[in-house]
Each structure stands twice: as structure tokens, then as C-alpha cells.
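Examining the three-dimensional arrangement
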Amino acid sequence: MQIKKTAVVFTCVLLVASLLAGCGPKKQSLPAIRFLADDSEAAKKYAQGLQEIFRKNLGIELVLENVDFKTRLQKMRDQDFDLVFAGWGADYNDPMSFIDLWVTDGPYNDVGWSNEEFDELVTLAKTSTDQQERMEAMAKAEKILLDEAPIIPVYWRQRNFAEHPWAKGIVRTAFAPSNEWKWAYTEGRPGGDNELNLNLGEEPPDLQSVTCTDTVSIDILNATLEGLVRMNPDGVYEQGSGLAESWTVSDDGLVYTFTIKDGLKWSNGEPLTAHDFEYAWKTVVDPRTASQYNYIMFFVKGAEDVANVEIPDEEEDPEGYKDAIAELQEALDNMGVQAIDDNHLVVTLEAPSTFFLSLCAFSTYYPLNQKAHEQWGEGYATEVDKMLYCGPFVIDEWKHGSKMVLKKNTGYWDADNVKLDSIHFDMIKDINTPVTMYEANELDAIGVPGDFIPKFQSERPDEFKQMPEAVSFYLECNLNHPLLKDPKVRQALSLALDRQEYCDNVLRNYSEPAYAYCPPSMQGAEPGEVFVEKYLKDYLPITGDVARAQKLFKEAVEALGYEAPEPPTK
């Protein structure tokens, strides 16, 4: 009898426990995670590869949203995403080109992340003249970024391309602009020399130099405009290489005085002067321009003060608006760029910089004709006849989303050294068509997709080329999302990534799995020193840690009140 009584009591206990458990709060299903990516064939494939990794390792289903390049950029600015596959290419050879993106309220900080210590380290790295101190501060800042994981590095891109033997003189660099066509030419090209047929891959989203942010547009701007300096084929910024004939630098490294070449003309025949640079640089940081790239001008004294002026709505607060405009004008007048006459531009920096001259070759630092810019307003640079040119080429034809033709700018100051008469661009997004056109001699050079690399290596070894790029691809996590707001969830996503497997089996293009954020192309304090190798070697596990990721993910989502999914059984 004792056995039966014990059994009854035990059964009752189990029943009560079961009922009590059922009375507890029911865990919610995981909220959807929208995964934003580009709509090219390659981009879809790469995003699907990540989707499968997270499904397999964490049991979550990302909802893919593929859109065109321009729309994706706008959605990022509007924070209209949960997770987005993004990339950044260096604008200059210093880790700051990457680190600076994630300061609090930075123009590219689409995720809404903020960390006071990170911001302080970035400020230190910007103001210090001690290169070793700068590098250590940026390394510490990057570790904070990787630990909190508002972004999740995936890979560092390798560039794979092919050129027919008649295509010569195209200069490719690891830093923006990635393609330089000024010195390109052809010899023995089928159909005639002095022209190139290339695939741009996308419609250029923005050809206004003061607001442009993407590599496609920057390549076109580099061909049609020019800065104070221009990098030569050997990667050097020589006196007289751009629109400045020469320059001097003060002993303290703070003041640059540029002498502008005589007789420069815009494509409409109007003189190009030092005033066009002053107008452009001040327009970049004017808060009314709302340029995402305004921060790249902050090396110039007072530029950040201009950008920080808050302007209220004129109708809602007319007095406040009037006061703000007066404050803005004072800040603009005090900014460290001044055209003292038509041929001389004086630039004062916040702190000495080892790479300022290279910035003067970057698109944000190009000149801008004030009369044309104000005349066409928001329509400036949206059509062939609503843009002025001062570079080696002009845009002769533009069929949006389909085709663009550049022609030699006969009014360019160095036109005698520009050998190409024209460059014809297609805007083809799929993977196969450009390869087919290259094989038919319809394209003179192409980027080679990963699936075709073995074919080119075996069949066209003399035409196939590779080079590392200063480009990092990563996932951005919108911190307003109910899951992704939790750093443990983001850390679990990072740990769930087998970056090596992704590079080997999805990309298949010799790109490197990213064990940190800044790519290996970025130098450290000394020539030949690789920043990421010295300070962040193997900081992230390139093969991931799935068991740890699953444990961390389960703990995090359950603490948030959600039911943790079970990864599918293999």
C-alpha cells in the first residue's frame, strides 16, 4: 500500500507543477528580422549565403529584402532596416577612415549606436600628433566596437578582374577612387583604339560631389572632375598633378597655401578659381546640405563648428531661424578655407595630418561652380546638361539605369596626356552577361565573379589579375529592433558566423574572412606596418563558435521574453 500511496502523491505533485508552469507568462515568438541587401545577382547570392548560415546555426529565418543600390543607401539613412549587408572602402590610408563612421550621431552611424569611451578615443586619435598614440587609441576603439557588435564584420574583399591585352594604363587602387582612367589607352583593340567598353554595374546614385557617398559615383566623378591634387600612376601626389600648380605647408603643418593653375575653365567656358573650392568645401559642411560626408571635411579648422549649427524650421520659429542663420554665417566666415584671390587658396587644419594631401584628391574636396549649383538646385548633376566638368572627361550620354558615355574633355588642362576619346559604360547587374560580353570582345575589362575565377585562371592566365582592397563588408544591426538592441544577441550572431566557410563556399573569390573590422590594407604608425595585424590579430574567430553562439542566443532571447528557436538537426 505504501507504494501505491507514494505513487498517488507523486502524481499529484507533477500535476500541480504542470498546472503552475502553464500559468506562467507565455514566451513570444521571435520577431521577424528583415535583412536588407542589394538586388544584383551577386549580392542576392551573398545575402542568401548569410541567411542560410544563421538558419543552420541559430535556427532563425532572416527575411530577405533585395533592393537597388540607391534605394538600399536611402533605406540605411532612414534606418528602414533591421539587418543590412553593407560595406565600406577606405577614403585614405589611415584606420580613421573606418573608425570614424561609428561615433555617436555620426552621419554613417545608421544603427544608432553610442559609446562615450569610443567617442573619446576617436577624438584623441584625431587630435594627437603622436602616431603611436593614435594607433593605440584607434585599436582600443575598434575592440569596443567589436565587443558591442553594432556591426558584425564578415569579410575583407579581394579584387579579381580581367583585362584584354589591348587595354592598358588603367590604374586600380585599394582606396577610393578605385579606378583611374585618365592614363588609360588601347593598342590593337578590335573595332578601333582610343575607346573603352566597361561595365559600371549600377546606376550612379549621386553625382553631386558635395553629397556623393558611393564608389560607383566616385569613380565617375574622378573621371569628370578634379581636385587640388591627383594621384599619379605610381600612387604619388606630385606638385602640379591636379588643379593646383603648387603648394606650401607651414612649419607647424597646419597651414597649406595652394596656388591654382592659370587659365582653368569649367566645361561651359567659365573660369575655375580658388573661390570654387571655398564654395564647395563650405557647402559640404553647411547643415542645409545634409551631406553624409561632411565629417571628412572636419580636418579643416572650424568645419565641424559649421556642421553643428542647428537650424530650426523658419515657419515654426522665425526668430530662432534668423539667429541660427547668423550663427551659421559667422561659423562659415571663420572656417579654415579662404580664397584670398582667384589663384590662391589658404587652408588651415585643426591638427597636422599625414594624409591631408590625399584628401584633396577625394571627391568631397572637388571644386563646385556656385552659379550652376544654385541655378539647378536639387537637379544639379542629375542629367548630362545639368552638370559642369573640369576633369579628363565629360559625360556625353546618360540613359539612366542602362548606359553612360564619357568623352574626352578637350578643355581639360592636361588634355594632351588623355589618350582615350571615349569610355562606354553598361550598367549590368547579373553575373553571366559581362563575362559573355568580355569573351566576345564587347567589354575590354571586367570584374571576374568568384564562380568564374577557375575558368579565367586556366584559360586566360595572362589576362586575369588580383589585388587586395581596403574594403570591409559587414552586417549593420539596427539597435531599435527588439532583438538586435541586445548586445548579447548581436554577439551571438557574430559567433554563429563561420567566416572562413562563407568565403570558401559562398564568395569563392579569394576574399579574406574578417577577424576584425579594419582591413589589412590600412597601415599603422610606421611604413610597412599593418594596423589590424599588430593590434587586432584573430580578435574574432574566423570559423565561429557555434556552440557558444547558440548558448548566448538562447539566454539572450529568453531574457527578452521570446522563445528561442531550435537550430535544425543536421
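Residues numbered from 1 in each chain as written. Predicted model: local features only at pLDDT ≥ 70, side-chain atom pairs only at ≥ 80, totals over all residues. Heavy atoms only, no water.

Here we look at the overall build of the protein chain
The cut-off we apply is this: Starting at the N terminus, helices and strands are each numbered in turn, a helix being any DSSP run of H or I of at least four residues and a strand any DSSP run of E of at least two. Values of the radius of gyration come from C-alpha atoms, whereas the globule rule sets the reference at 2.2 Å times the count of residues to the power 0.38. Classification of residues uses two cut-offs on accessible area relative to the type maximum, computed with a 1.4 Å probe and protein chains only: under 20% is buried, over 50% is exposed, and between them is partly exposed. Here, residues are in contact when the closest pair of their heavy atoms is within 4.5 Å. Only the protein chains shown count as covering a residue, and every accessible area follows the Shrake-Rupley method with a 1.4 Å probe. Positive charge is attributed to Lys and Arg, negative charge to Asp and Glu, and no charge count is given to His or to the chain ends. By convention, charge coordinates are those of NZ in Lys, CZ in Arg, CG in Asp, or CD in Glu.
When helices and strands are tallied, the protein chain shows 18 helices and 19 strands. Taken against the 2.2 N^0.38 rule, which gives 25 Å for 570 residues, the C-alpha radius of gyration of the protein chain at 27 Å falls within 12% of a compact globule. When the backbone C-alpha atoms are referred to their principal axes, the protein chain occupies close to 115 × 65 × 50 Å. Here the protein chain holds 570 residues, and 53% of them are scored as buried. Here the contacts in the protein chain between residues at least 6 apart in sequence split such that 69% fall between residues at least 24 apart. Total accessible area computed for the protein chain in this model is approximately 25000 Å², and 49% of it derives from carbon and sulfur atoms. Taking the 52 positively charged and 96 negatively charged side chains of the protein chain as two groups, their mean positions are separated by 8 Å.

As for the confidence of the model for the protein chain
Basically, it comes down to this: A score between 0 and 100, pLDDT records how confident the predictor is in each residue.
For the protein chain, per-residue confidence averages 94 on the pLDDT scale, and residues scoring 70 or more make up 95% of the total. With pLDDT under 50 throughout, residues 1-23 is counted as low confidence; its partners more than four residues away or in other chains account for zero contacts.

Considerations on the packing of helix α5 (residues 116-127) against helix α6 (residues 131-148)
For any two helices packed against each other, one specifies the crossing angle of their axes together with the interaxial distance. Selection criterion: Lines fitted to the C-alpha atoms define the axes, with helices restricted to the stretch that makes contact. Angles between their N-to-C directions range from 0 to 180 degrees. Any angle that falls under 35 degrees is termed roughly parallel, while one over 145 is termed roughly antiparallel, one within 65 to 115 roughly perpendicular, and all others oblique. Should the near helix be turned counterclockwise from the far one by less than a right angle, the crossing is left-handed, whereas a clockwise turn marks it as right-handed.
Where α5 meets α6, the closest approach of the two axes is 8 Å, and the angle between their N-to-C directions is 155 degrees. As judged from the angle between their axes, α5 and α6 are roughly antiparallel. Between α5 and α6 the crossing geometry is left-handed. Within the contact between the two elements, α5 uses E117, F118, L121, L124 and A125 and α6 uses E133, R134, A137, M138, K140, A141, I144 and L145.

Structural notes on the sheet that holds strand β16 (residues 422-426)
Note the threshold: Pairs of strands are assigned from DSSP output, requiring at least two bridges between the strands.
With mixed pairing, four strands are arranged side by side in an open sheet as β9-β16-β15-β14. Bordering the open sheet on either side are β9 (195-199) and β14 (393-399), each of which pairs with just one other strand. Sheet twist, expressed as the mean angle between neighbouring strand axes with direction ignored, is 15 degrees. Sheet topology note: the β9/β16 ladder contains five bridges and is parallel. Residue pairing for β16: L196 is matched across the bridge by I423. The sheet strands contacting helix α7 (residues 215-224) are β14, β15 (403-408) and β16, and the helix crosses β14 at an angle near 135 degrees.

Quick notes on the nonpolar core
Soluble, globular proteins show a tendency: their nonpolar side chains are buried together. Convention followed: Put simply, a nonpolar core is a bunch of buried Ala, Val, Leu, Ile, Met, Phe, Trp, Tyr and Cys residues held in one set by side-chain atoms that sit within 4.5 Å of each other.
In terms of nonpolar packing, the biggest core is built from 189 residues, with F85, W281, F356 and Y517 touching the most fellow members. For this core, the leading source of residues is α6, giving eight residues. If near-sequence neighbours (up to four positions away) are discounted, Y517 is found in contact with F98, I99, L101, W102, E142, L145, L146, I151, P153, W156, S472 and Y474.

Focus on the pairing of strand β4 (residues 151-163)
For β4, the buried fraction is high: 12 of the 13 residues fall into the buried class. Relative to strand β18 (residues 464-477), β4 is paired through 10 bridges, and the arrangement is antiparallel. Paired with N160 across the two strands is Q466, which belongs to β18. The pairing of β4 with strand β19 (residues 512-513) spans two bridges and is classified as antiparallel. The partner of Y155 across the bridge, within β19, is P513. With three bridges connecting them, β4 and strand β17 (residues 445-447) associate as antiparallel partners. Its bridge partner being in β17, E163 is matched across the sheet by A445.

Looking at the sheet that holds strand β12 (residues 337-341)
Read from one edge of the open sheet, four strands run β10-β11-β13-β12, paired in antiparallel fashion. Each of the sheet's edge strands pairs with one partner strand only, and the pair in question is β10 (244-249) and β12. Strand after strand, the sheet turns through a mean of 20 degrees between neighbouring axes, direction not considered. Bridge count for strand β11 (residues 255-260) against strand β13 (residues 344-348) is five bridges, and the pairing is antiparallel. When the sheet's bridge partners are listed, T257 is paired in β13 with V346. On top of the sheet, helix α8 (residues 274-285) reaches β11, β12 and β13; it is set at about 160 degrees to β12, its chief contact.

Details of α7
Threshold: Polar contacts, as counted here, are pairs of nitrogen or oxygen atoms within 3.5 Å of one another; within protein the pair requires one atom able to donate a hydrogen and one able to accept it, and residues that are adjacent in sequence qualify only if both atoms are side-chain atoms.
α7 sits mainly inside the fold: nine of its 10 residues count as buried. Within the span of α7, buried status applies to V216, S217, I218, D219, I220, L221, N222, A223 and T224. The N-terminus of α7 is capped by D214, whose side-chain oxygen sits 3.2 Å from the backbone nitrogen of V216.

Some thoughts on the side chain of S209
By secondary structure assignment, the location of S209 is in the loop between β9 and α7. The exposure class of S209 is buried, given its relative accessible area of 4%. Residue contacts for S209: discarding those within four places in its chain leaves L221, L225, S363, T364, Y366 and P367.

Some points on unusual backbone geometry
Cis geometry marks the peptide bond from A176 to P177; its omega dihedral reads -5 degrees. Here P177 shows up in the loop between β6 (171-172) and β7 (179-180). Despite not being glycine, N194 shows a phi value in the positive range, around 70 degrees. Here N194 falls in the partly exposed class, since its relative accessible area comes to 31%. The residue Y510 is not glycine, and still its phi comes out positive at about 70 degrees. Along the chain, Y510 turns up in the loop between α16 (499-507) and β19.

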